[in-house]
Amino acid sequence: MTRFDPCRRRVCRRCFDRWNLKTPMLAGSSGLRRKSALLLFFWIFASGCHSRQSDPKPSIEFTQLPPAGQGNPDVLNTIEGRVTGARSGQRIVLFARSGVWWVQPLAEQPFTVIQADSTWKNSTHPGNAYAALLVDPEYSPPLTVNDLPQTGGAVRAVATVEGPMLAQPAHKTLHFSGYEWEIRETVGNPQGSRNSYNPANAWVDKRGLLHLRIAKNGIGWSSAEVDLSRSLGYGSYRFVVYDISHLEPAVVLNLSTWDDLRPYREMDIEISRWGEPTGKNAQYVVQPYYIPANVVRFMAPTGPLAYSFVWEPGQVSFTTIRGSGPRSKSDVVAAHVFTSGIPSPGRESVRMNLYAFDNKRSPLHHEVEVIIEKFEYLP
């Protein structure tokens, strides 16, 4: 079969002869006329080849990136970039990752305009990773996604940055029970309750005890959270906590593992009544909590208590005992073993979080403080 291969700029002799004989412009024409037609012939196919080669896939690059940070609805940073190969009507959609990917800068303003010089600029809330998508006009961005869309359809190009490519903010830290902990400073949204965090609400006293506090500020309450600066993986985790019987119903003390990336690898010991004045005041959870079998509630009594869990492949065993020393059967307050949905280790870290749960019927009325005597880990 005869054919012309424009990318190699070659035409087979048989095809050329056939085209030459059947083209009225060339048949029986003068030499000058034939030469002009031949030049036109090769220019057309060379132009086709050139247009194919000069139409590269579109791409996105970042020219200014914000530092990595914990998700914070009150903070906006500048992010900029450039697009190659964008077409008329196409736009940029930005995402920042904080647990899941959140469209930026706002759900009602999800598009970033590409300027005439192919650059773009907008704002984004902090995240531990950032992404930019080049999309067609018909693309409708979601508020959040677990995984970014792949190139295809209305998504023409995707660029992401994370880890060492991002400047890491300096965290305030404290040392407790032989470990370094990062003190949270940014706004959080635990259990759907918006909380601000103040580093002054977490400290270690001269006896080596960790204090976490919810304090009154000008606009409401500020909470406390510390996060272990490294991952520990499978093993035994133990927290010795002083008396929690003074906690108001809206107070939550959360002792957990947490991974900011999906899957969350979250397993919780939560001491709270969630704003209800009566009922059990503690629970064990393997997330997601909305699966009934993943939550076991119990009553934590007065006095110091040791909360622990042993994390193994396919199993996590929770236990709460009175006091902080050796235990007997009479000391056991609660115990439960979960065998379904158990996460495997990843980048999770230990988190201790004291915050106010938003319950309109029973809001927080007073400042509160919790003392944690020690944290222990055994592989």
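This one's a predicted model, so the numbers in the text were calculated from it and none came from an experiment.

**Student:** For this particular structure, what's the right way to read the overall build of the protein chain?
**Tutor:** A count of helical and extended segments in the protein chain gives two helices and 27 strands. Of all 379 residues assigned to the protein chain, the portion counted as buried reaches 45%. For the protein chain, the accessible surface area stands at approximately 19,900 Å², while carbon and sulfur atoms represent 53% of it.

**Student:** In this structure, what is going on with the sheet that holds strand β4 (residues 77-84)? I would like to understand it.
**Tutor:** The strands making up a sheet associate through backbone hydrogen bonding, with each pair oriented either parallel or antiparallel. In spatial order, the strands read β3-β4-β8; together these three strands make up an open sheet with antiparallel pairing. Two strands close off the open sheet at either side, each with one partner strand: β3 (59-64) and β8 (119-124). When strand polarity is set aside, the average angle formed by the axes of neighbouring strands in this sheet is 30 degrees. Bridge analysis of β4 against β8 gives six bridges, and the strand direction is antiparallel. Directly across from Gly-81, in β8, lies its bridge partner Trp-120.

**Student:** I tried to follow the nonpolar core on my own but got confused; where do I start?
**Tutor:** The tendency in soluble globular proteins is for nonpolar side chains to be buried as a group. Trp-181, Leu-212, Phe-239, Leu-255, Tyr-307, Met-352 and Phe-375 are the most contacted members of the largest nonpolar core, which totals 49 residues. Sorting elements by how many residues they give to this core places strand β27 (residues 368-378) first, with five residues. When residues no more than four places from it in sequence are discounted, the contact partners of Met-352 are Phe-176, Trp-181, Leu-210, Leu-212, Ala-224, Glu-225, Val-226, Phe-239, Asn-254, Leu-255 and Ile-372. Within the second largest apolar cluster, 17 residues are counted, among which are Ile-60, Phe-62, Ala-159 and Leu-166.

**Student:** Would you take a moment to explain a nonpolar patch on the surface for this structure?
**Tutor:** Residues Tyr-289, Tyr-290 and Ile-291 make up a contiguous nonpolar surface patch of about 360 Å² in total accessible area. Its location among the elements puts Tyr-290 in the loop between β21 (282-286) and β22 (295-298).

**Student:** It is not clear to me how the pairing of strand β5 (residues 91-98) should be interpreted in this structure. Could you clarify?
**Tutor:** Sheet faces and side chains relate simply in a regular strand, where the side chains alternate between the two faces. Of all eight residues that make up β5, six are buried, and the element is covered over most of its length. Here β5 pairs with strand β7 (residues 111-112) via two bridges, running antiparallel. Within β7, the position partnered with Val-93 by the bridge is Phe-111. Bridge count for β5 against strand β6 (residues 100-104) is five bridges, and the pairing is antiparallel. Bridge assignment links Arg-97 to a residue of β6, and that residue is Trp-101.

**Student:** Can you help me understand empty space enclosed by the protein in this one?
**Tutor:** Over the atoms a probe the size of a water molecule is rolled, and this reveals where empty space is left. Inspection of the entire model under this criterion finds one cavity of 30 Å³ or more. Its volume calculated, the largest cavity comes out at about 30 Å³. Around the largest cavity, the lining residues are Gln-70, His-171, Glu-182, Ile-183, Arg-184 and Asp-227. Grouping the amino acids of the lining of the largest cavity by side-chain chemistry returns one nonpolar, two polar and three charged.

**Student:** What is the right way to look at the layout of surface pockets in this model?
**Tutor:** There is about 330 Å³ of room inside the second largest pocket. Forming the boundary of the second largest pocket are 17 residues, of which Arg-194, Asn-195, Gly-220, Trp-221 and Ala-356 lie nearest the centre. No other element matches strand β17 (residues 220-228), which puts three residues into the lining of the second largest pocket. Its residues placed into classes, the lining of the second largest pocket shows seven nonpolar, six polar and four charged.

**Student:** Can you help me understand unusual backbone geometry in this one?
**Tutor:** Generally, phi is negative for residues other than glycine and the peptide bonds are trans, each holding for most cases. Look at the link from Gln-104 to Pro-105: it is a cis peptide, with omega at -5 degrees. Looking at where Pro-105 falls in the secondary structure, it is placed in the loop between β6 and β7. The peptide bond linking Gln-287 to Pro-288 adopts the cis configuration, its omega dihedral lying at 10 degrees. For Pro-288, the location among the structural elements is in the loop between β21 and β22. A positive phi is found at Ser-177, a non-glycine position, where the angle reads about 55 degrees. When you line up the elements, Ser-177 lands in the loop between β12 (173-176) and β13 (179-183). For Ser-177, a relative accessible area of 30% corresponds to the partly exposed category. If you check the backbone angles, Arg-265 has positive phi at about 50 degrees while not being a glycine. Positionally, Arg-265 belongs in the loop between β19 (251-258) and β20 (267-271). Accessibility expressed as a relative area gives 16% for Arg-265, which makes it buried.

About the thresholds
Residues numbered from 1 in each chain as written. Predicted model: local features only at pLDDT ≥ 70, side-chain atom pairs only at ≥ 80, totals over all residues. Heavy atoms only, no water. Helix = DSSP H or I, 4+ residues; strand = E, 2+ residues; numbered from the N terminus. Buried < 20%, exposed > 50% of the residue type's maximum accessible area, 1.4 Å probe, protein only. Areas by Shrake-Rupley, 256 points an atom, 1.4 Å probe, with all protein chains shown as cover. Pairing = 2+ DSSP bridges. Axes fitted to C-alpha atoms, helices over the stretch in contact; angles between N-to-C directions. Core = buried A, V, L, I, M, F, W, Y, C linked by side-chain atoms within 4.5 Å. Contact = heavy atoms within 4.5 Å. Patch = residues over 30% accessible without salt bridge, like charges linked within 9 Å, V, L, I, M, F, W, Y side chains within 5 Å. Salt bridge = Lys/Arg side-chain N within 4 Å of Asp/Glu carboxyl O. 1 Å grid on protein atoms, 1.4 Å probe; cavity = no way out; pocket = protein on both sides within 12 Å on 5 of 7 lines; lining within 4 Å. Points joined across faces, edges and corners; volume = space filled by probe spheres on them. Nonpolar A, V, L, I, M, F, W, Y, C, P; charged D, E, K, R; others polar.

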